[in-house]
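# A look at the structure
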Amino acid sequence: MADAALDRESGGGSVRILDGVIATPELAAPPAISPTSQEYGIRKAFRTLLSDMRRDWQLYVLLAPMIIWFVVFLYTPMYGLQIAFKQYSLFRGIEGSPWIGFDNFVALFSNEYFLRAVKNTLLISFYSLVFAFPVPIILALMFNEIHHQGFRRIAQTITYLPHFISAVIIAGLVINFLSPTTGIVNILLDRLGFEKIYFLTIPEYFRPIFIGSNIWKEAGFDSIVYLAAIAGINPALYESARMDGASRLQMIRYITLPSLLPVIMIMMIIRVGQLIEVNFEYIILLYQPATFETADVISTFIYRAGLQNNQYALGTAADLFNAVVALILVVSANWLSRRYSQHSVW
Amino acid sequence: MKRIMTAALLSALLAGAPAAAQDTKTTKIVDKPLELTIHMHFRDKYVWNDDWPVAKELTRLTGIKLKNVASKATTLSREAFNLLMASGNLPDIVAGNELRQDFVRYGMEGAFQPLNKLIDQHAPNLKRFLAENETIRKAITAPDGNIYWIPYVPDGKFARGWFIRYDWLEKLGLQPPQTVDELYTALKAFRERDPNGNGQKDEVPLFFREPDTELQRLLVLWDGRSSGSDAAHDFYVDSGKVRHPYTGENYRTGIRNIAKWYAEGLIDKEVYTRRARAREALLGANQGGMTYDWFASTASYNTSLKDKVPGMKFLAIAPPASPSGKRLNENRRSRMRPDGWAISVTNKHPVETIKLFDFYFTPQGRLLSNFGVEGQHYDMVDGKPRYKPEILNAKAPVNAQMWDIGAQIPIGFWQDYDYERQWTDENALKSIELYEKGNYLTDEFLGVSMTVDERQVFDRHMPNIQTYMIEQMQAWVLGSRDVDKDWESYNAQLKKLGLDQVLAVMQKAYERQYR
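Computed from a prediction, not measured in an experiment: that's the story for all the values here.

What counts, and at which threshold
Residues numbered from 1 in each chain as written. Chains lettered and ligands numbered in written order. Predicted model: local features only at pLDDT ≥ 70, side-chain atom pairs only at ≥ 80, totals over all residues. Heavy atoms only, no water. Helix = DSSP H or I, 4+ residues; strand = E, 2+ residues; numbered from the N terminus. Buried < 20%, exposed > 50% of the residue type's maximum accessible area, 1.4 Å probe, protein only. Contact = heavy atoms within 4.5 Å. Areas by Shrake-Rupley, 256 points an atom, 1.4 Å probe, with all protein chains shown as cover. Rg over C-alpha atoms; globule rule 2.2 N^0.38 Å. Lys, Arg positive; Asp, Glu negative; His and termini not counted. Charge placed at Lys NZ, Arg CZ, Asp CG, Glu CD. Salt bridge = Lys/Arg side-chain N within 4 Å of Asp/Glu carboxyl O. Polar contact = N/O pair within 3.5 Å; in protein donor to acceptor, adjacent residues only side chain to side chain. Nonpolar A, V, L, I, M, F, W, Y, C, P; charged D, E, K, R; others polar. pLDDT = per-residue confidence, 0-100. Pairing = 2+ DSSP bridges. Axes fitted to C-alpha atoms, helices over the stretch in contact; angles between N-to-C directions. Parallel < 35°, antiparallel > 145°, perpendicular 65-115°, else oblique. Left-handed = near helix turned anticlockwise from the far one by under 90°. Core = buried A, V, L, I, M, F, W, Y, C linked by side-chain atoms within 4.5 Å. Phe/Tyr/Trp six-rings, centres within 6.5 Å; stacked < 30°, edge-to-face > 60°. Arc of directions from axis to C-beta.

## A closer look at the overall build of chain A
What chain A contains, in helices and strands, is 18 helices and two strands. Taken over 346 residues, chain A has a buried fraction of 36%. A separation of at least 24 residues holds for 64% of the contacts in chain A among residues at least 6 apart in sequence. If you sum the accessible surface of chain A, you get close to 20,800 Å²; carbon and sulfur atoms cover 69% of it.

See below:
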């Protein structure tokens, strides 16, 4: 709380976590209105950058590989995005293929199964956000309260382990556990006097199974970042709270959670940006035609459409759509976060 | 002349390779050695290798050496081909598997040379083969009337068949089922009367290793179809009309019965999740009763499980007759694979290349591409090629050994089933013989080549239609929906998704190509 108040006083309006060194007062100044002064600002900023570079050239050399990587692997391929608007032929190439305007997008959006896939993607992601996102935080808080070091280490290792198992094996485990004849879940149901259920062919069960097994797989590993953040909290805060007679729950509520908030918000923004992506490989392994109704997501839809006829243009159109939606989601999440919690990525 | 011949023979004898030297005379294509480049990446892990014994022998026989340009680093043949096309830098020959549609499409766009004239003038054996096999000629012809590629032509008839536990039938006092009703009785008895004798009702009468494609073969038992080709869910042709197997009254009847069988436990309850391990697991546990699967590999379990399941007799039965009295075995070895090779437009030696393609349809070329090198991998016994014992008795299967020496690879060659018969299990041969005697072979639809506009219609509608069809089918089989209740809405939805347009396009392409 104290940090946030301090920053508000400094006039920036938001905590500029990633700007670090470059956030000089000139740059953070509110945008000027007249065009001449704006140009002046830009020119000045450029000059500052140049002199900075001359002074700290070692730092910029260290930065260079990452920038080159971005340019080569993320910006150059964007040239190919134009095939979303073309009738693309590999042999004719990107230039040689004829333009067809928005035909590929029309084909996508007039397709009820694509729309169903969009809906399923968003639902699976949304439910993951609601149910899976808080789990690592809770887990980290719980680990933090374990005072026996040996026990804590063992518990942590056990929860990390599933992260390192490949999706194929996890899917195999899930299929075996839920098998109607030999699966442990159905044997339990049977013993308790319930009907056996062929879970993986019933659309209603798909999302809980998918999200549940993902929580089991990733929660332990995802809790590491929160544990690291907790380790960074000033112990003096706890000491003084203890002096004031705060209980452990009160300390979690008034010290640990507020200190974690920046990390939680950033993780949240990153997650929201990935709302439109789900673990394609894992879905392919678990779904059946019988569960397409809830399990068919954008990526699996494109996979099936693409496999039949190599429809690159259609796939690119869907990808472009994905990217635009993801961008909107990230920007709005960031805006919301800045507005209501004063924490944001930029 | 005579003297030259004698001299040639004499020098051949002196060289100590009599059989080898004389046959190059008829097979030589070029006087001066010629090197052609080839891009061939296949089955996701092999590339053309000029060190293969078969490739070396090819060079010796024809004078042409093929130099590979495909990258060994790639582990996806599809990707390798795509990269090649996108690079625009084409080698003399492009080859590989699953390339049929690409050869046609890029051929029409100008990447590959039309072969019709070349075949006419320079490839007598290929010409004769295509004249004798009209359907294959039609199937490889592009919508513009040109032929752009030469396919891999498999040999042999039957691929999969119905296998049942004869020992269980005997134990229960049943005859091998001849009709679908008798089959029902037998499966019911498998389920109810404990043929494995362990006191538990754990028998799985019908199981399928590939439920997405093979479970539907049951439709044939009620006069339906599951696919017209060896691809899944494919169209078929019924008296000149292209139809889809998942439509019509027979399909409805079939699905209704399959759902009933599933509900009664005659079909594996876990059929959609057990998958690849189903056959091995259920036979090994002495629980599986019947399946539809490949002859050779299925029959081999009689030997490999001899100790684990004593007395097991898992052999083929003739396809049970449908209510209308028809016995049909739907799955067969295709007469033409979507694999093969084509000549790039940049190739400067099209005549020599087509002669090379022609060589594979000569007797020598067939021996080389099927059996390897004479004296090294096989010997001629009574005029027939016989594998050497060290090949037949090796640990690796013969087909894998052939791939390693460059034979039986997906170029445009004509397979000889005799290559496989030599190492097929006795039980499998007996089973295949049963099907051959009954002549249960189905005619196969070799597919159509579409124009760009036709393909656009097809691509727009078909993926959705197929998704909807198989989604519904599973729901019906599993009993979560009822086929009779859904039937009207099913047909309405198919109409809405554009099945009529797709059928119209298919029909048009079919008539252009096969009439």
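Now that the structure has been shown, the text picks up again.
## With respect to the overall build of chain B
For chain B, the count of helices and strands is 24 helices and 14 strands. The C-alpha atoms of chain B give a radius of gyration of 26 Å, which matches the 24 Å a tight globule of 515 residues would have. Along the first, second and third principal axes, the C-alpha set of chain B runs to 80 × 55 × 40 Å. Burial statistics for chain B: of 515 residues in total, 56% are counted as buried. A separation threshold of at least 6 residues defines the contact pool for chain B, and within that pool the share at least 24 residues apart is 76%. Accessible surface, chain B: about 22,200 Å² in total, of which carbon and sulfur atoms supply 51%. Of the charged side chains in chain B, 69 are positive and 67 negative; the average position of the first set lies 2 Å away from that of the second.

## A closer look at the interface of chain B and chain A
Contacts between chain B and chain A engage 37 residues on the former and 34 residues on the latter. Arg92 of chain A is the partner of Glu109 of chain B in a salt bridge, and the nearest nitrogen-oxygen pair spans 3.7 Å. Where chain B touches chain A, the interface holds 16 residue pairs in polar contact (both at pLDDT 80 or more). Counting residues per element, the side of chain B that touches chain A draws most heavily on helix H22 (residues 452-478) of chain B, at 15 residues. Looking at the side of chain B that touches chain A, its residues break down into 15 nonpolar, nine polar and 13 charged.

## Comments concerning the confidence of the model for chain B
Residues and elements named next belong to chain B. On average, residues of chain B score 92 in pLDDT, and 96% of them are at 70 or above. Segment residues 7-22: pLDDT under 50, and six contacts once partners within four positions in sequence are set aside and those in other chains are kept. For this predicted complex, the interface confidence score (ipTM) comes to 0.72, while the overall pTM stands at 0.81.

## Observations regarding the pairing of strand S3 (residues 64-68) of chain B
All names here are of chain B. Burial along S3 is one-sided: Ile64, Leu66 and Asn68 are buried, and none of Lys65 and Lys67, which face the opposite way, are. The pairing of strand S1 (residues 34-42) with S3 spans five bridges and is parallel. Considered in S3, the bridge of Leu36 is made with Leu66.

## Re the packing of H22 of chain B against helix H24 (residues 499-514) of chain B
Residue and element names in this part refer to chain B. One can describe the packing of H22 onto H24 by two numbers: an axis separation of 9 Å at closest approach and a directional angle of 125°. If you check the angle between H22 and H24, you find them oblique. The interaxial crossing formed by H22 with H24 has left-handed handedness. Here Glu454, Val457, Phe458, His461, Met462, Ile465 and Met469 of H22 lie close against H24, whose contacting residues are Leu499, Gln501, Val502, Val505, Met506, Lys508, Ala509 and Arg512. For the contact of H22 with H24, the per-class residue count stands at 10 nonpolar, two polar and three charged.

## Structural notes on the sheet that holds strand S6 (residues 160-165) of chain B
All names here are of chain B. A sheet is described by the order of its strands in space; here four strands give the open sequence S7-S10-S6-S11, paired in mixed fashion. The sheet is open, and its two borders are formed by strand S7 (204-206) and strand S11 (314-316), each paired with just one other strand. Each strand of the sheet is rotated relative to its neighbour by a mean of 30°, with strand direction disregarded. Relative to S11, S6 runs antiparallel, the two being bridged by three bridges. Following the sheet pairing, Arg165 is matched in S11 by Phe314. In this fold helix H21 (residues 426-438) packs onto S6 and S11, with an angle of close to 30° to the strand it touches most, S11.

## Concerning unusual backbone geometry
Residue and element names in this part refer to chain B. Its identity is not glycine, yet Arg43 carries a phi of approximately 45°, on the positive side. Backbone geometry at Gln408 places phi at a positive 55°, although glycine is not the residue there. By the element assignment, Gln408 lies in the loop between helix H19 (398-405) and helix H20 (418-421). On the basis of relative accessibility, which here comes to 2%, the residue Gln408 falls in the buried class.

## Describing the nonpolar core
Buried together is how nonpolar side chains tend to be arranged in soluble globular proteins. Residue and element names in this part refer to chain B. Formed by 175 residues in total, the largest nonpolar core has its most connected members in Trp48, Leu66, Leu218, Trp261 and Trp341. A total of 10 residues in this core trace back to one element, the largest contributor, which is H22. Each residue touching Trp48, except ones within four places of it in the same chain, is listed here: Ile38, Met40, Phe42, Ala55, Leu58, Leu66, Asn68, Tyr360, Ile409 and Ile411.

## Re the pattern of salt bridges
Residue and element names in this part refer to chain B. Applying the stated criterion across every chain, the model contains 46 salt bridges over all chains. For Glu98, the salt bridge is made with Arg337, and the minimal N-O distance between the two is 3.0 Å. In this pair, Glu98 is assigned in the loop between strand S4 (93-96) and helix H5 (100-108) and Arg337 in the loop between S11 and strand S12 (340-343), connecting sequence segments 239 residues apart. When its relative accessible area of 44% is taken as the criterion, Glu98 is described as partly exposed. Between Arg137 and Glu134 there is a salt bridge whose closest N-O contact spans 2.7 Å.

## Some thoughts on the side chain of Ser229 of chain B
All names here are of chain B. In this structure, Ser229 sits in the loop between S7 and strand S8 (236-238). Since its relative accessible area comes to 13%, Ser229 is described here as buried. When residues no more than four places from it in sequence are discounted, the contact partners of Ser229 are Asp234, Phe235, Glu444 and Phe445.

## Regarding the environment of Ser334 of chain B
Residue and element names in this part refer to chain B. Positionally, Ser334 belongs in the loop between S11 and S12. Classification of Ser334 by relative accessible area gives buried; the value is 6%. In sequence terms Ser334 and Trp52 are 282 residues apart; their C-alpha atoms lie 27 Å from each other. Filtering out sequence-adjacent residues up to four positions away, Ser334 remains in contact with Pro154, Asp230, Glu444 and Leu446. From its side chain, Ser334 meets the backbone oxygen of Met336 in a polar contact 2.8 Å long.

## Focus: the packing of aromatic side chains
Counted according to the given criterion, the structure contains 56 aromatic pairs over all chains. Relative to Phe70 of chain A, the ring of Trp69 of chain A has its centre 5.4 Å away and its plane inclined at 90°; by these criteria the two rings are edge-to-face. Judged by its relative accessible area of 35%, Phe70 of chain A is partly exposed. Where Trp168 of chain B meets Phe190 of chain B, the ring centres are 5.1 Å apart and the plane angle is 90°; that geometry is what we call edge-to-face. You can see Trp168 of chain B sitting in helix H9 (residues 166-171) and its partner Phe190 of chain B sitting in helix H10 (residues 180-192), a full 22 residues away along the chain.

## Focus on the pairing of strand S14 (residues 384-387) of chain B
Residues and elements named next belong to chain B. Alternating residues of S14 divide into Pro385 and Tyr387, all buried, and Lys384 and Arg386, none buried. Note that strand S13 (residues 378-381) and S14 share four bridges and pair antiparallel. The partner of Tyr378 across the bridge, within S14, is Tyr387. As consecutive antiparallel partners, S13 and S14 are separated by two residues, and within that stretch Asp382 has a phi angle of approximately 50°, a positive value.

## Concerning helix H10 (residues 167-177) of chain A
Of all the residues in H10 of chain A, the buried ones are Ala167, Ile170, Ala171, Val174 and Ile175 of chain A. Down the axis of H10 of chain A, the sector holding all buried residues measures 135°, keeping them to one side.

## Comments concerning the environment of Asp212 of chain B
Residue and element names in this part refer to chain B. Here Asp212 shows up in the loop between S7 and S8. Its relative accessible area of 31% is what places Asp212 among the partly exposed residues. Note: C-alpha distance between Asp212 and Ala232 (20 residues apart in sequence) is 8.1 Å. Non-local contacts of Asp212, meaning those with residues more than four positions away in its chain, are made with His233, Tyr272, Arg275 and Gln474. Side-chain polar atoms of Asp212 contact the side chain of Arg275, separated by 2.9 Å.

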